[in-house]
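Residue-level structural notes
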Amino acid sequence: MSSRTLPLLFINLGGEMLYILDQRLRAQNIPADKAKKAGWIEDDRRRVMNDIITTMFNKKFLEELFKPQELYSKKALRTVFDRLAHASIMRLNQASMDKLYDLMTMAFKYQVLLCPRPKDILLVSFNHMDAIKDFVKDTPSILSQVDETYRQLVEMYTTLSSGEFQLIRQTLLIFFQDMHIRVSIFLKDKVQNSNGRFVLPTNGPVPYGTQVPGLIRMFSCAGEEVTRRQFSNGGNYTAALREGSFEIFGDRVTKLGTNMYSVSRPVETHLSGTSKNSAQHTKVNVAPNPLAKEELNLLARLMGGLEVQKLGNADSGFRVNLFSTDEEEEEALISRPDDLLYGVINIQATKDQQANAELAKIMGEFTESGDQSPSSISKGDDLLAMMDGL
Amino acid sequence: MAADDAKAVLLREGSSMYHKEKSIQIKNSASALYNNLCALRIAPRRLTYFTVVHANVVNMVSASWDGLNYSHRQLQSKEPNVATSTSLIMQAAFCSLPSRDLLVVTSQKGIQVYESDGSIMVYWHALDIPETQTAQAMFARGISAVRDSYICVGISTGAILVFDVPSKGSNITLSDVLEGHKESITDMASECCGGEVCIADLVSADDGGNLCVWKSGEEFKLLNHIPGFDISCSSVKLWKGTVVAGYGTGQIRLYEAVTGILHAEVNAHARWIYSLDIAPYSGLLLSAAEDSLVRVWHLTMTPESQSVEIAHLHNECVTDTQICGAKFCDADGYAFAVTGYDLSEIIRYTQS
């Protein structure tokens with residue numbers, strides 16, 4: 001539908017990912033054998049955040065992202081975020097990555113649904129951007145990348161009409177369709193029901209530009225108001241708040257898109273089966289088909305800008321666990337319901353001969369020499385090598 | 001006053017005007033698209049067809065009036081280029097012409113026309129898609145049967161395609177392209193007064209809230225252009241020469257079609273309106289929005305003041321649901337049906 005949706009989807013999901021990782025990095029117990037001092041851990045955390053944010057705002061990557069295009073499939077987008085999450089020395093196991101992605105997507109789904117006006121999705125995006133800017137405020141090089149992205153967002157989105165924003169919103173809602181994963185923090189705050197559906201209140205301020213429902217005005221042919229009537233609106237609405245700022249700096253007014261996690265409010269999900277019959281998930285493809293060729297091409301171009309951190313030795317990276325214990329993480333991986341598998345591309349595991357042939361052909365289009373170094377930023381990055389890093 | 005009388009007639013003290021009936025389960029959940037529910041009553045066979053769009057699929061369910069038989073069918077969007085991307089469906093609507101009923105499905109790639117039971121596709125019109133992806137989205141949206149033999153479909157460029165439909169067979173032809181809008185068409189509606197002579201046949205609405213009023217014929221004529229206020233008009237209806245328009249701000253406005261005179265303005269909903277419907281015999285109006293509310297209103301013509309009045313009759317709250325479709329199931333408004341984003345059922349209400 002809207003060809004302007006991908007940048008907003010990426011930035012908001014990326015923002016949520018950073019909130020979660022930041023919280024986990026702060027909360028994570030220091031393994032006894034590392035024997036690090038408190039200051040060291042602080043540096044590690046900042047380094048991880050900086051590395052991920054640098055990768056997220058890589059100039060080439062963003063150039064590709066901002067081009068008019070249809071949304072990627074869930075599978076393809078998950079692949080991009082897997083890559084992004086491993087852009088630093090931090091490592092996540094499959095189960096933790098799954099949980100991270102669940103939280104990210106449910107959080108943004110919530111924000112999109114609760115936005116009073118479709119245009120407010122841009123304010124939510126600015127809230128994420130503002131927080132990202134705060135994460136890197138001490139690193140000028142990354143800060144300038146972030147500022148550049150602000151300018152691109154303002155340029156691309158502030159002139160769009162309300163109808164075009166609604167189209168973006170509708171495109172996002174199709175992407176999030178049928179996702180009802182229960183998130184502990186949402187359940188506790190009573191913004192999500194136990195069936196996984198979000199609470200949509202019929203009270204509170206109306207959106208900016210909307211009047212509180214209840215008034216009927218009737219006019220004569222000459223244009224004079226002749227009658228006024230009131231009806232009961234079935235809710236408890238109040239007048240709209242002031243409009244948030246759409247500029248690079250400003251008060252966004254809405255709290256949607258701000259960081260709801262803190263060290264004392266750990267992130268947890270409950271994986272409820274989301275569908276009663278598998279027919280509901282006509283879009284979720286759990287068959288071992290690789291991505292369609294066109295999508296692989298797009299992905300290759302996009303990921304050409306993403307460096308993967310090659311670890312010198314296994315010890316220099318450190319693992320982040322999104323669960324409370326290692327056992328819980330293992331258990332989560334085994335017991336993940338079938339309908340919630342993300343089907344992340346593992347090219348090596350693909351037995352499909354035709355798919356391998358297609359990939360080889362794509363590789364052939366990109367590879368110039370035998371150089372397989374994944375740290376090269378050239379567009380001719382080897383696709384398989386990039387995938388191997390996931 | 002006429003409106004109060006209507007309310008008194010329809011309500012008994014202490015009781016609610018409508019009550020909820022058993023829902024119809026559908027195979028997929030409804031997508032958040034404007035006017036995402038259509039109903040076609042097949043009286044001779046005592047059943048009603050419903051259509052609900054989910055991404056690239058139209059879910060059709062045929063429901064017998066006795067509530068005992070339901071049969072389901074799914075229609076996919078057509079991708080003539082065997083492209084890798086799916087073509088998302090924007091809208092599905094039944095078009096009732098004197099000679100036949102057809103089901104029209106509009107998507108990012110084009111317009112598919114089926115027999116009303118969805119069994120056979122009788123016509124396909126591909127949209128003119130540019131080679132490289134543009135920032136401007138390309139799709140068809142806004143469907144209406146007009147008079148005896150036309151089906152009109154809107155395009156995201158603002159153009160309206162007019163198709164000439166024979167009384168049977170698949171020889172449907174594109175007979176006209178109307179240029180009245182510069183912004184994406186959102187919805188269209190034809191006069192549903194039921195047989196009376198009316199001047200205006202068709203009203204079209206766009207993302208800027210602009211409304212165009214047309215007279216049909218070999219060449220359609222633009223009778224009037226009612227300017228908008230940069231707020232999208234997502235749903236529009238035409239009844240007895242009155243345009244009823246629902247907007248993104250939650251307002252409903254009543255205009256006299258041919259003159260553009262504003263008869264009434266209602267602060268109807270707290271969120272974006274997604275669907276309007278009119279029961280032509282009774283003048284009941286149904287409005288539904290993202291705010292979880294469906295409201296029933298009564299429209300009355302007052303010949304003395306040559307005006308239309310609107311009165312509020314009833315509210316239904318579909319808890320925690322952003323409603324995307326609402327339709328009366330019959331021309332009197334005795335029953336109506338509702339769909340919501342992420343909901344896999346058609347919720348039904350009947351007058352008490």
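Each chain has its residues counted from 1, following the order in which its sequence is written. By the order in which they are written, chains take letters starting at A while ligands take numbers starting at 1. Per-residue local features of the predicted model are confined to residues with pLDDT of at least 70, and side-chain atom pairs are confined, for both listing and counting, to 80 or more; whole-chain, interface and lining totals are unaffected and use all residues. Water and hydrogen atoms were dropped before computing side-chain values, which therefore reflect all heavy atoms in the structure.

As annotated in an unreviewed UniProt entry, chain B is WD repeat domain 54 from Cyclopterus lumpus.

An unreviewed UniProt entry annotates chain A as Organic solute carrier partner 1 originating from Cyclopterus lumpus.

1. Structural notes on the overall build of chain A
In DSSP terms, a helix is any run of H or I states spanning at least four residues, a strand is any run of E spanning at least two, and both are numbered starting from the N terminus. Counting secondary structure elements, chain A contains 13 helices and eight strands. Exposure is judged per residue with a 1.4 Å probe applied to protein chains only, and the accessible area is read against the type maximum: over 50% gives exposed, under 20% gives buried, and values in between give partly exposed. Split into buried and exposed, the 390 residues of chain A put 53% on the buried side. Total accessible area on chain A is roughly 17,100 Å²; 51% of this is exposed by carbon and sulfur atoms. Shrake-Rupley sampling with a 1.4 Å probe provides the accessible areas, and residues are treated as covered by the protein chains on show and by no other component.

2. Some thoughts on the pairing of strand S6 (residues 70-76) of chain B
Side chains on a regular strand alternate between the two faces of the sheet. All names here are of chain B. By this definition, two strands are paired if DSSP reports at least two bridges between them. Note: strand S5 (residues 57-64) against S6, seven bridges, orientation antiparallel. Paired with Val58 across the bridge in S6 is Leu75. The antiparallel hairpin formed by S5 and S6 contains five residues in its connecting segment, where Gly67 sits at a positive phi of about 75°.

3. Section: helix H1 (residues 6-27) of chain A
Here the expected length of a helix is defined as 1.5 Å per residue gap, with one fewer gap than residues. Between the first and last C-alpha of H1 of chain A there are 31 Å, a value that for 22 residues agrees with the 32 Å anticipated at 1.5 Å per step. Burial within H1 of chain A is extensive, with 20 of its 22 residues counted as buried.

4. As for the environment of Gln145 of chain A
Residues and elements named next belong to chain A. Here Gln145 shows up in helix H7 (residues 140-157). Residue class for Gln145 comes out partly exposed when judged on its relative accessible area of 21%. Residues Gln145 and Thr254, 109 residues apart in the sequence, show an inter-C-alpha distance of 25 Å. Not counting chain neighbours up to four residues away, the residues in contact with Gln145 comprise Thr54, Phe57 and Asn58. Contact criterion: two residues are considered in contact whenever any of their non-hydrogen atoms come within 4.5 Å of each other.

5. Digging into the packing of helix H5 (residues 94-114) of chain A against helix H6 (residues 120-135) of chain A
All names here are of chain A. Their axes nearest at 9 Å, the elements H5 and H6 cross at an angle of 140°. In this view, H5 runs oblique relative to H6, as classed from their interaxial angle. Crossing handedness for the pair H5 and H6: right-handed. Residues Phe108, Gln111 and Val112 of H5 pack against Ile121, Val124 and His128 of H6. In this classification, Asp, Glu, Lys and Arg are treated as charged, Ala, Val, Leu, Ile, Met, Phe, Trp, Tyr, Cys and Pro as nonpolar, and every other residue, Gly included, as polar. Split into classes, the residues belonging to the contact of H5 with H6 amount to four nonpolar, two polar and no charged. Helix axes are fitted to C-alpha atoms over the stretch in contact, other axes to C-alpha atoms as well, and angles between N-to-C directions run from 0 to 180 degrees. An angle counts as roughly parallel when it lies under 35 degrees, as roughly antiparallel when it exceeds 145, as roughly perpendicular when it falls between 65 and 115, and as oblique in every other case. Crossings are classed by handedness, with left-handed meaning an anticlockwise turn of the near helix from the far one by less than a right angle and right-handed meaning a clockwise turn.

6. Side note on the confidence of the model for chain A
Residue and element names in this part refer to chain A. Confidence of the predictor at the level of single residues is captured by pLDDT, which takes values from 0 to 100. Per-chain confidence: chain A averages 77 in pLDDT, with 69% of residues scoring 70 or above. Long-range and interchain partners of residues 272-290, a stretch whose pLDDT sits below 50, account for 38 contacts in this model, where long-range means more than four residues apart. pLDDT under 50 marks residues 345-390. Its contacts with residues more than four places away, or in other chains, come to 62 contacts.

7. Some words on the layout of surface pockets
Residues and elements named next belong to chain B. Put simply, the second largest pocket is a space of about 1,200 Å³. Of all the secondary structure elements, the ones that give two or more residues to the lining of the second largest pocket are strand S3 (38-42), strand S7 (89-96), strand S11 (140-146), strand S15 (185-190), strand S19 (233-239), strand S23 (273-279) and strand S27 (323-328). The leading source of residues in the lining of the second largest pocket is S7, at six residues. Residues that form the lining of the second largest pocket fall into these classes: 25 nonpolar, eight polar and eleven charged. With a 1 Å grid laid over protein atoms only, a set of points is called a cavity when a 1.4 Å probe fits there but cannot get out and a pocket when it is open yet has protein on both sides within 12 Å along at least five of seven lines; lining residues have an atom within 4 Å of a point. Grid points are joined across faces, edges and corners, and a volume is the space filled by probe spheres set on the points.

8. Overview of the interface of chain A and chain B
At the junction of the two partners, chain A supplies 58 residues and chain B supplies 64 residues. Counting the surface lost from both chain A and chain B, the interface buries some 4,900 Å², and carbon and sulfur atoms represent 50% of this. What makes a salt bridge here is a side-chain nitrogen of Lys or Arg within 4 Å of a carboxyl oxygen of Asp or Glu, nothing more. At the boundary of chain A and chain B, one finds three salt bridges. Each polar contact in these results corresponds to two N or O atoms within 3.5 Å; when the atoms are within protein, one needs to be able to donate a hydrogen and the other to accept it, and residues that are neighboring in sequence are counted only if both atoms are side-chain atoms. Along the contact surface separating chain A from chain B lie 27 residue pairs in polar contact (both at pLDDT 80 or more). Mapped by element, the contributors of at least two residues to the side of chain A that touches chain B are H5, helix H8 (162-175) and strand S4 (215-219) of chain A. Considering each element in turn, the side of chain A that touches chain B owes the most residues, nine residues, to H8 of chain A. The residue makeup of the side of chain A that touches chain B, split by class, is 26 nonpolar, 21 polar and eleven charged. We define buried area as the total accessible area lost by two parts upon association, computed with a 1.4 Å probe and summed across both.

9. So, the pairing of strand S18 (residues 221-226) of chain B
Residue and element names in this part refer to chain B. When strand S17 (residues 211-215) meets S18, the two strands line up antiparallel, connected through five bridges. Across the sheet, the residue bridging to Trp214 is Leu222, located in S18. Between S17 and S18, which pair antiparallel and follow one another directly, the connecting turn spans five residues.

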